[in-house]
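Listed here are the chains, written in short residue letters.
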Amino acid sequence: MPRDTGLPPGTLMMVVLRVLTRQPLHGYAIAQTLRQRSGDELSVEEGSLYPALQKLLLKGWVKAAWRESDSGRQVREYRITPSGRKQLDAEMNEYRRMASALDTLLKEA
Amino acid sequence: MSMPGEWFRRLVYLVRRRAMDDELRREMEAHRAQMADPGGFGNTLRLREEAQDAWGWRWLDDGAQDVRFALRTLRRTPGFTLTAIVTLALGIGVNSGMFSLVNSLLLRPLYARSDEVVSVYRRVTKAEDGPRGLSYPNYLDLRDGTTAVFASLAASSAWFAGVDAGEGARRTMVYAATADYFQIFGRPLALGRAFSAEESRPNAARRVAVLSYPLWERRGANPNVVGQTVSVDGEPFTVIGVTAKGFTGTSIPGPEVWLPLGTQGWLDARDAHNLDVIGRLRDGVAVQSVPPALATVARRLEQAFPSVNGGQSLEMEVPSRLLFMPGVGGSAFTALLSLMLMALPAIVLLVACLNLANLLLARGHVRRQELAIRGSLGGSRGRLTRQLLTEGVLLSVIGGAIGLWLSTWAIRATLAALRPVLPVGLTLPDLALDWRVLAGTMTFSLLASLVFGVWPAWALTGRAVVTDLKRQVGDGGREPGGIRVGNVLVVAQVALSLLLLASAGLFLTSARAAATVDPGFRLERGVLAEIDPSLAGYDDARARAFHLGLVDRIRALPGVEAATVASSFPFSSFGESRLVATVPGGADGVDAVFTVIGRDYARTLGLPTLAGRDFSDAELASGSADRVAIVDDALAQRLWPNQTAIGQTIQFLDAGAPDVKRPLRIVGLVPAVKHSLSTPRPFPHVYVPLGQSDSTEAMTLQVRVAATQNDRAMLTTIARTIRDADDRVPILGLETWRDRLDSGVEVSIFRAGARVCAVFGGIALLLAVIGVYGVKSYVVSRRTREFGIRIATGAHPHTLLWQVLWEGGRVTAVGIAIGLVLAVGAGQILQGLLYGVNSVEPVVLVIAPLVLLAASLLASLVPALRATRVNPIAALRAE
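Computed from a prediction, not measured in an experiment: that's the story for all the values here. (Residues numbered from 1 in each chain as written. Chains lettered and ligands numbered in written order. Predicted model: local features only at pLDDT ≥ 70, side-chain atom pairs only at ≥ 80, totals over all residues.)

Engineer: Any details on the overall build of chain A? Residues and values, ideally.
Structural biologist: Helix and strand counts for chain A stand at 4 helices and 5 strands. Along its sequence from the N terminus, chain A presents helices and strands in the succession β-α-β-α-β-α-β-β-α. Burial analysis of chain A (109 residues in total) assigns 32% to the buried set. A sequence separation of at least 24 residues applies to 53% of the contacts in chain A between residues at least 6 apart. (Helix = DSSP H or I, 4+ residues; strand = E, 2+ residues; numbered from the N terminus. Buried ≥ 20, exposed ≤ 12 C-beta atoms within 10 Å, placed from the backbone. Contact = placed C-beta atoms within 7 Å.)

What follows is the structure, encoded as structure tokens:
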């Protein structure tokens, strides 16, 4: 049984951005992808996903557009923007720095 | 990431909220349709709301919802809403009205950068008296000697003149000013131009005038007024400009006409100290550098002209703001006066707020069940409090808006009430509302709603929900807490109302005392007429002859007992005074009212001649006769205690007066009369005959009517006689002596004070009655069940009636007891300001509480009657 990510909102936003770097996705697909990638370990509730998407839109890190899906359904697809990529890079660097520092700290202690 | 971009998008979301919400809905539906288990998708509405929280506009939607809900709730209880709004509107209206008045008259700077303007005056170092004016030659030397500190130094001189601006001649205040006078104020002109240096030069050929804005407005606000003619003391002047609206110069009130100083005939004399001097500091010059500069000039003037300028210093002061209270330019006085004037409406506002608190509290108790249900359904305490607060703010905004409208109306009413008090034409600053008043009003009303809205809201939402729900069902009985708070509020209201009513009573007592004062002469059957032949072109000698001839005509009229002319009448607003000293000796003078009189003055006023004689025809007709004077015993006792006054010699010490230091022989002694109500003892008087004065144009004709005649009927006869003598001579005033006293400044001020206090007291009384009624109604409605049971078990309705009345009366009585203490305290303060009142006026302290008690019993009567009509069956079934 997948557990709710319980990710802090900021982290969820980064994860969503990361998923979107490969290809534009709609909301349901984002949730599915997150679940599959985490090996069914993490799932994201709609109650967290949609506020995060709205925030990403407001920040201008993603853009949304309606299109017809493969199954012929109208879906709203999110696409990462250049400023979104820049933000993701910055956050990733920050995360790596933090992680390696923590790693060192945990090994030596 | 760009913050402006984000905010822009946020705004787009706000504007297109509906479309965005729709998009979100469609998106979520698509999501749900793709799920294997669509039931696993949560509550779409709630999810959508959560997503929308990211936009950051939730508070706005909630607020709008709160406002809509509050409007609905308020509309459902029109009685409560109307009472609350009227209460607030009255409280705020009187405050912003009074504040506008205080602001215009006392607080608001009268002109731009007023802190850089100082007034310069002369002080006689030995004498302990107030500031004195400067002469024109001294002013010129001062101006030239202080160019380092003053950017401009202007001089002006004020007097009362007969002005005819095409609306008939009137006595009004006129300033003669130097060319740089208007420069000091940054050229405050609405039309035309100020004086040129050439026009202000002594003996300038061109006669020009600047009109005040109100005068210009009164004569039709003609935009082409420049070039027209206005007559001042019978002489024509060409209008060159109109001052800006509300401009009064350094002080209030201002004149109606400004003339160039060059029109004045006394400018050459170094001892004609008639000028008020004001200067604007140079940029960057500290005010501290002014006194040394003045001292240098004073020293130089003393060395050059020791006889005129010896023993005198030049000093500076903040220009006095109120013209008739010289030397009180200081902010301490205006602050005190403002505080006193604002205390009255502040008390009314306090009463209004207490009332509002009471209303909100009582209403809150009635709404407890609703709040409890909303609380149990998940309404958070903060959310419920916000809802109640929104109602409070809404009430205060509506009340504040109406209050603002009320206050503009109140200002107009005040202005109308002030006009008759002003004896002559004067210019007052604009009494319009300004942003300060708006800000003040908004602050008042928001404070009122916060203080008196938050408290009940917080108190009510903090209750245990279950207890409230339960109690609402089972218990309709007493609620000691709520009622006790309500009663305390009513006690405070009653006490404050009594304070205002008692103050109004003191003012009224004072006005009555002032109107019935014994002036030292007989007020009955006296008539006076103010005439000024110079307005018809008479010169001094002809004016004198006209006056003497007119008095002879009047005296010959049937029904006239005696008649005379004099330069002033007791209780007139403006009199001349002189420093009187004995000859020889007489270094220190005694300040005395100086009156030029005709024959029979004492007889006309009904005064006996105590010693000596009246002036002779020769003394009245021309100045060539022996110089003589009559004094009253108040002056005689000061100058020659225990000696006879007849045959003594006096002199006037006033430099600049035409008769300075010329000896006068005392030929008569008359009893003292009161010249003004504000002086407890009669002020000394000195009288000189008409022939000895060279300013005999404006005179007051005084007539003693025979006992057989009606003095009012005599008014028309006298007016006709004056017109018969010369119908070009305008009659500036015509009334009985009694009316003159009643309409004089002093009585009018007391009466205006009584009226203002009565209005405020009446409003407070009304509010207190509303408060009593509200609390009693609430109590009765809460105790319906109790009354029902008692009626069912045989209680007589009268018993219930009396019980409710008694409880109401008890609360009022406590309020009255506290109010009496406050009223006596206020009496202590007012005693010093008012004429002829004690701090404890028994009549006032009996009548005011009785009025309050009666009003409060009346207010309890309606709910009390309701209590007797409780239907026991209905009351019990309702449970």
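Engineer: An account of helix α27 (residues 842–868) of chain B is requested, with residue identities and associated values reported.
Structural biologist: Residue and element names in this part refer to chain B. A rise of 1.5 Å per residue sets the reference length of α27, with its 27 residues, at 39 Å; its end C-alpha atoms lie 38 Å apart and thus fit the reference within 8%. L861 marks where α27 bends most, by close to 30 degrees; the proline P863 follows one to four residues later. Among all positions in α27, only V844, A848, P849, L852, S856, A859, S860, P863, A864 and A867 are buried. (Expected span 1.5 Å × (residues − 1). Bend = angle between axes of the 7 residues up to and from the residue.)

Engineer: A description of the interface of chain B and chain A should follow, citing residues and the corresponding values.
Structural biologist: Taken together, the contact between chain B and chain A spans 19 residues of the former and 17 residues of the latter. Breaking the side of chain B that touches chain A down by element, the ones donating at least two residues are α1 (3–15), α2 (17–34) and α3 (44–53) of chain B. Take the side of chain B that touches chain A: its biggest share by element is 5 residues, from α2(B). Partitioning the side of chain B that touches chain A into residue classes produces 9 nonpolar, 4 polar and 6 charged. (Nonpolar A, V, L, I, M, F, W, Y, C, P; charged D, E, K, R; others polar.)

Engineer: Outline the nonpolar core, listing residues and values.
Structural biologist: Residues and elements named next belong to chain B. With 86 residues, the main nonpolar core has V348, L498, L500 and A764 as its most contacted residues. The set of elements that each furnish at least two residues to this core consists of α5 (78–107), α12 (331–366), α14 (381–418), α17 (480–515), α24 (745–782), α25 (784–792), α26 (797–831) and α27. Once you skip the residues sitting within four places of it in the chain, A764 turns out to touch I347, V348, V351, L496, S497 and L500. Counting 64 residues, the second largest nonpolar core, distinct from the first, contains V527, F569, A629 and I722. (Core = buried A, V, L, I, M, F, W, Y, C linked by C-beta atoms within 7 Å.)

Engineer: If you had to explain the pairing of strand β19 (residues 685–689) of chain B to someone new, which residues and values would you point to?
Structural biologist: All names here are of chain B. The buried count for β19 comes to 5 of 5 residues, which makes it a mostly enclosed element. Going residue by residue along β19, you find H685, Y687 and P689 tucked away on one face and V686 and V688 tucked away on the opposite face as well. Bridge analysis of strand β14 (residues 590–597) against β19 gives 5 bridges, and the strand direction is parallel. Bridge assignment links V593 to a residue of β19, and that residue is H685. Relative to β19, strand β16 (residues 628–632) is paired through 2 bridges, and the arrangement is antiparallel. In the strand pairing of β19, I630 is matched with Y687. (Pairing = 2+ DSSP bridges.)

Engineer: Summarise the confidence of the model for chain A; cite the residues concerned and give the values.
Structural biologist: On average, chain A scores 85 in pLDDT, and the residues at 70 or more come to 92%. When the elements of chain A are averaged for pLDDT, strand β1 (residues 3–4) of chain A gives the smallest value, 50, and strand β5 (residues 74–80) of chain A the largest, 91. (pLDDT = per-residue confidence, 0-100.)

Engineer: Can you tell me about the packing of helix α6 (residues 136–145) of chain B against helix α10 (residues 290–304) of chain B, naming the residues and giving the values?
Structural biologist: Residue and element names in this part refer to chain B. Direction vectors running N to C along α6 and α10 enclose 135 degrees, while the axes themselves pass 10 Å from each other. On the basis of their axis angle, the class for α6 and α10 is oblique. The two elements α6 and α10 cross, and the hand of that crossing is right-handed. Facing α6, whose interface residues are N138, D141, L142 and G145, α10 presents T296, V297, R300 and L301. Split into classes, the residues belonging to the contact of α6 with α10 amount to 3 nonpolar, 3 polar and 2 charged. (Axes fitted to C-alpha atoms, helices over the stretch in contact; angles between N-to-C directions. Parallel < 35°, antiparallel > 145°, perpendicular 65-115°, else oblique. Left-handed = near helix turned anticlockwise from the far one by under 90°.)

Engineer: Can you lay out the packing of helix α3 (residues 46–59) of chain A against α3(B) for me, pointing to particular residues and giving the numbers?
Structural biologist: Relative placement of two packed helices is described by the angle separating their axes and the distance separating the axes. The interhelical angle for the contact between α3(A) and α3(B), taken along N-to-C directions, is 35 degrees, at an axis separation of 7 Å. As for the relative orientation of α3(A) and α3(B), their crossing is right-handed in sense. Along the contact surface, α3(A) presents E46(A), G47(A), Y50(A), P51(A) and Q54(A), while α3(B) presents L47(B), E50(B), A51(B) and D53(B). Taken together, the residues of the contact of α3(A) with α3(B) break down into 4 nonpolar, 2 polar and 3 charged.

Engineer: Explain the sheet that holds β5(A) to me, using residue names and the numbers behind them.
Structural biologist: Pairing within the open sheet is antiparallel, and its 3 strands lie in the order β2-β5-β4 (chain A). In this open sheet, the two strands that pair with only one neighbour each are β2 (25–26) and β4 (62–68) of chain A.

Engineer: I'd like a description of unusual backbone geometry, backed by residues and values.
Structural biologist: Residue and element names in this part refer to chain B. Located in the positive-phi region is R525, a residue other than glycine, with phi close to 55 degrees. Tracing the chain through its elements places R525 in the loop between α17 and β11 (526–531). By C-beta crowding, R525 is classed as buried, having 21 other C-beta atoms within 10 Å. Of note, D600 is a non-glycine position whose phi angle comes to about 65 degrees, a positive value. Note on D600: 19 C-beta atoms within 10 Å, which makes it partly exposed.

Engineer: Which residues make up the confidence of the model for chain B, and what values go with them?
Structural biologist: Residues and elements named next belong to chain B. The pLDDT averaged across chain B works out to 80; a share of 86% of its residues lies at or above 70. Confidence drops under pLDDT 50 across residues 472–480; counting only partners more than four residues distant or on other chains, this segment forms 12 contacts. Among the scores for the predicted complex, ipTM is 0.83 and pTM is 0.65.

Engineer: Residue-level account of the environment of Q312(B), with values.
Structural biologist: All names here are of chain B. Counting through the fold element by element, Q312 comes out in strand β10 (residues 312–317). According to the C-beta neighbour criterion, Q312 is buried, with 20 such atoms within 10 Å. Separated by 188 residues in the primary sequence, Q312 and V124 place their C-alpha atoms 4.5 Å from one another. Filtering out sequence-adjacent residues up to four positions away, Q312 remains in contact with R122, R123, V124, T125, A298 and E302.

Engineer: Summarise helix α13 (residues 368–376) of chain B; cite the residues concerned and give the values.
Structural biologist: Residues and elements named next belong to chain B. Taken as a whole, α13 has its buried residues at L371, A372 and G375. Each buried residue of α13 lies within a common arc of 100 degrees when the element is viewed along its axis, so the set occupies one face. G378 lies just past α13 and shows a positive phi near 110 degrees. (Arc of directions from axis to C-beta.)

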